[in-house]
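Single-letter residue listing:
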Amino acid sequence: MSSNINPSAQNGSQPMPQQPKKNSTSAGLIVFLVTVLIVAGGGFGLYWYLNQDTEADTELAAYEMLDGSETLEDYEAFMTKFPDSPHMRDVKQRFETLKTMYSAWNTACISCKQRDFEIFAKNYPNSMLVKVCEQKIDSLDWEDAKAKGDPESIEAYLRKHPNGRYSTEASESHSKIMDATATTEEKLLIEEALRGFYNAYGDNDAATVFVYITPTMKRFLNRENATKADVADIIDRTYNEHILSCKFVLNNDYKVKKETNADGEAVYMVSFSVDQHIERDNEGKTFGSYTANAVLTDQYKISSLTMKEISRKEQ
């Protein structure tokens, strides 16, 4: 006869442990509730047995049926039917341990915090509710990884729960994120294209600018569907006889999002900041700081570029 206590949910006249707060994943909540109900049914046999008026319900048989029970009603029924049992001390002790366990369980369910479920599982490793704890921790870890939405968080979830109930969804999500993440080589080619364009822009070198743009840009600064001739004209009008030099400095703060267009080709959306330094022989603008957004094709040609000035200096 084992004296280990395996606490679980209650049924019958005894109130059920308070359920966890509603999780944003409804499927996870359903599994959680169903699991608790399954656990709750585990001790019904003894409760029913002790309420039968039969000669077979001896004290020893009833005591042996308590082995592994996690239902408070079983212990209450035993103590009521056999108040003078030589096993009463053990039964009462296990009954009190179960009540303490249920109090801890209710605390974990109310807080719905991963740490509380981990503590419960550590303190009651033999309880059938540990399986429910594992499911809740799995669910909470996945919700956290989804909320962060980065490859590292999803990879961490998969390492911790390789066979978790969300592992398939996590793997698919990770693949999508990686498909939308530019490789190191792609980022270098994007940076090279943007630097080449801005160097030529600063030099008012239209021929070199054309190397880095599509024949028609969907948008260039304030001009939509800008041809190469439009781009050259806009850049040329940036300068006058008083500007001795112009230099653009990119700040290496690129944020790149990769998508696939209807033709299956990669398209890169890039946000970054760039500073403009102007040397001139008269009064006027000498510095401008911009936020910029560019779209590049899979050939690393700029098909759209907008800039917004956020600060400037004049002399």
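These notes cover the structure that comes with them. (Residues numbered from 1 in each chain as written. Predicted model: local features only at pLDDT ≥ 70, side-chain atom pairs only at ≥ 80, totals over all residues. Heavy atoms only, no water.)

## So, the nonpolar core
- In this structure, Tyr-198, Phe-220 and Phe-272 are the most contacted members of the largest nonpolar core, which totals 35 residues.
- It is helix α10 (residues 184-202) that provides the largest number of residues to this core, a total of seven residues.
- In this structure Tyr-198 touches Phe-248, Leu-250, Phe-272, Val-274, Ala-292, Leu-305 and Met-307, once residues within four positions along its chain are discounted. (Core = buried A, V, L, I, M, F, W, Y, C linked by side-chain atoms within 4.5 Å. Buried < 20%, exposed > 50% of the residue type's maximum accessible area, 1.4 Å probe, protein only. Helix = DSSP H or I, 4+ residues; strand = E, 2+ residues; numbered from the N terminus. Contact = heavy atoms within 4.5 Å.)

## Details of the packing of aromatic side chains
- Applying the stated rule across the entire model yields 17 aromatic pairs.
- Ring geometry for Phe-120 against Tyr-124: centres 5.1 Å apart, planes inclined by 40°, an arrangement best described as tilted.
- For Phe-120, a relative accessible area of 2% corresponds to the buried category.
- Taking relative accessible area as the criterion, Tyr-124 reaches 16% and is therefore assigned buried.
- Joined through ring pairs, the aromatic side chains of Phe-197, Tyr-198, Tyr-201, Phe-220, Phe-248, Tyr-254 and Phe-272 make up one cluster.
- Residue placement shows Lys-313 over the ring face of Phe-287; its charged tip is 5.7 Å from the ring centre. (Phe/Tyr/Trp six-rings, centres within 6.5 Å; stacked < 30°, edge-to-face > 60°. Lys NZ or Arg CZ within 6 Å of the ring centre and 35° of its normal.)

## Comments concerning the side chain of Glu-59
- Checked against the element boundaries, Glu-59 lands in helix α3 (residues 59-65).
- Arg-94 provides the closest opposite charge to the buried, unpaired Glu-59, separated from it by 10.0 Å.
- Of note is the side chain of Glu-59, whose polar atom sits 2.5 Å from the side chain of Ser-85.
- Among the polar contacts listed, one links the side chain of Glu-59 to the side chain of His-87, at a separation of 2.7 Å.
- Sequence-distant contacts of Glu-59, that is, excluding residues within four places in its chain, are made with Phe-78, Phe-82, Ser-85, Pro-86 and His-87. (Lys, Arg positive; Asp, Glu negative; His and termini not counted. Salt bridge = Lys/Arg side-chain N within 4 Å of Asp/Glu carboxyl O. Polar contact = N/O pair within 3.5 Å; in protein donor to acceptor, adjacent residues only side chain to side chain.)

## Let's talk about helix α7 (residues 129-148)
- Spanning 20 residues, α7 covers 29 Å between terminal C-alpha atoms, matching the ideal 28 Å at 1.5 Å per step.
- Downstream of α7 by one or two residues, Gly-149 has phi in the positive range, about 70°. (Expected span 1.5 Å × (residues − 1).)

## With respect to the packing of helix α6 (residues 114-123) against α7
- Running from N to C, α6 and α7 cross one another at 155°; their axes reach a closest spacing of 9 Å. Taken as axis vectors, α6 and α7 run roughly antiparallel relative to one another. For the pair α6 and α7, the sense of crossing is left-handed. Only Leu-129, Val-130, Cys-133, Lys-136, Ile-137, Leu-140 and Asp-141 of α7 make contact with α6, whose side of the interface consists of Gln-114, Phe-117, Glu-118, Phe-120 and Ala-121. (Axes fitted to C-alpha atoms, helices over the stretch in contact; angles between N-to-C directions. Parallel < 35°, antiparallel > 145°, perpendicular 65-115°, else oblique. Left-handed = near helix turned anticlockwise from the far one by under 90°.)

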